[in-house]
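Observations on chain architecture
So the chains spell out like this:
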Amino acid sequence: MELTRNIVKTPFARCILADNRIFLNVNSITQKTIQSMTSIQEITQALIAFRDARDWAQFHNPKDLALALNVESAELLELFLWKDAALADRDKVKEELADVLAYALLLAHNYGFDVAEIMEQKIKINGEKYPIDKSRGVATKYSAL
């Protein structure tokens, strides 16, 4: 098998895509290397295959995907209602979080968005809104910094 390798450098990180794995070395934050065993594209394709095998694409328009994402987000929130976060059932959190992520990925696919690209753009925008010198250790909205 031939090794496919792409290197992407951003102000925040150095990403290496090799053999369908993403290696992220966030030099400005930590020296640890984070490895993802499956790419976003592979996960999205698995979700699409699951959906298509059941003929559910007809129900997956942007409005309904956004509504489903909101419903699943509410189910995730419900796990924390009226209790300390440490008491939330981790297995149920994992299950609901997977539902939220699945609908988010399907919605992004529906619009033809490159998830890695839109996340990189959002991190850059947030970096401008929340400069480290003004926002470090503060939970204040950018407009009030």
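Our subject is the structure that appears above.
Residues numbered from 1 in each chain as written. Predicted model: local features only at pLDDT ≥ 70, side-chain atom pairs only at ≥ 80, totals over all residues. Heavy atoms only, no water.

1. Let's talk about the packing of aromatic side chains
- Applying the stated criterion to the full structure yields three aromatic pairs.
- Between tyrosine 111 and phenylalanine 113 the ring centres are 5.3 Å apart and the planes differ by 10°, which places this aromatic pair in the stacked class.
- Seen from their ring centres, tyrosine 130 and tyrosine 142 are 5.8 Å apart, and the 85° between their planes marks the pair as edge-to-face. One end of the pair, tyrosine 130, is in the loop between helix H4 (115-129) and helix H5 (132-135); the other, tyrosine 142, is in the segment after H5, and 12 residues separate them in sequence.
- With relative accessibility at 36%, the residue tyrosine 142 sits in the partly exposed group.
- If you follow arginine 54 out to its NZ or CZ, it ends over the ring of phenylalanine 50, 3.5 Å from the centre. (Phe/Tyr/Trp six-rings, centres within 6.5 Å; stacked < 30°, edge-to-face > 60°. Helix = DSSP H or I, 4+ residues; strand = E, 2+ residues; numbered from the N terminus. Buried < 20%, exposed > 50% of the residue type's maximum accessible area, 1.4 Å probe, protein only. Lys NZ or Arg CZ within 6 Å of the ring centre and 35° of its normal.)

2. A few points about the packing of helix H1 (residues 40-53) against helix H3 (residues 90-111)
- Packing of H1 against H3 leaves a shortest axis separation of 10 Å and a crossing angle of 90°. It follows that H1 is roughly perpendicular to H3 by the angle criterion. Here Ile40, Ile43, Thr44, Leu47, Ile48 and Arg51 of H1 come into contact with H3, specifically with Ala102, Leu105, Leu106 and His109.
- In the contact of H1 with H3, the residues fall into seven nonpolar, two polar and one charged. (Axes fitted to C-alpha atoms, helices over the stretch in contact; angles between N-to-C directions. Parallel < 35°, antiparallel > 145°, perpendicular 65-115°, else oblique. Contact = heavy atoms within 4.5 Å. Nonpolar A, V, L, I, M, F, W, Y, C, P; charged D, E, K, R; others polar.)

3. Details of the side chain of threonine 44
- Along the chain, threonine 44 turns up in helix H1.
- Among the residues examined, threonine 44 registers a relative accessible area of 7% and is labelled buried.
- Excluding residues that lie within four positions of it along the chain, threonine 44 makes contacts with Leu105 and His109.

4. Some words on a nonpolar patch on the surface
- A cluster of nonpolar side chains, namely Tyr111, Phe113, Ile118 and Met119, defines an oily patch on the protein surface of about 400 Å² accessible area.
- Here tyrosine 111 lies in helix H3. (Patch = residues over 30% accessible without salt bridge, like charges linked within 9 Å, V, L, I, M, F, W, Y side chains within 5 Å. Areas by Shrake-Rupley, 256 points an atom, 1.4 Å probe, with all protein chains shown as cover. Salt bridge = Lys/Arg side-chain N within 4 Å of Asp/Glu carboxyl O.)

5. Focus on the pattern of salt bridges
- On inspection of all chains with the given rule, the structure shows two salt bridges.
- Note that arginine 51 is salt-bridged to aspartate 52, the shortest N-O span being 2.9 Å.
- The closest approach of N and O atoms between lysine 63 and aspartate 64, which form a salt bridge, is 2.7 Å.
- For lysine 63, a relative accessible area of 53% puts it in the exposed group.
- For aspartate 64, a relative accessible area of 29% gives the class partly exposed.

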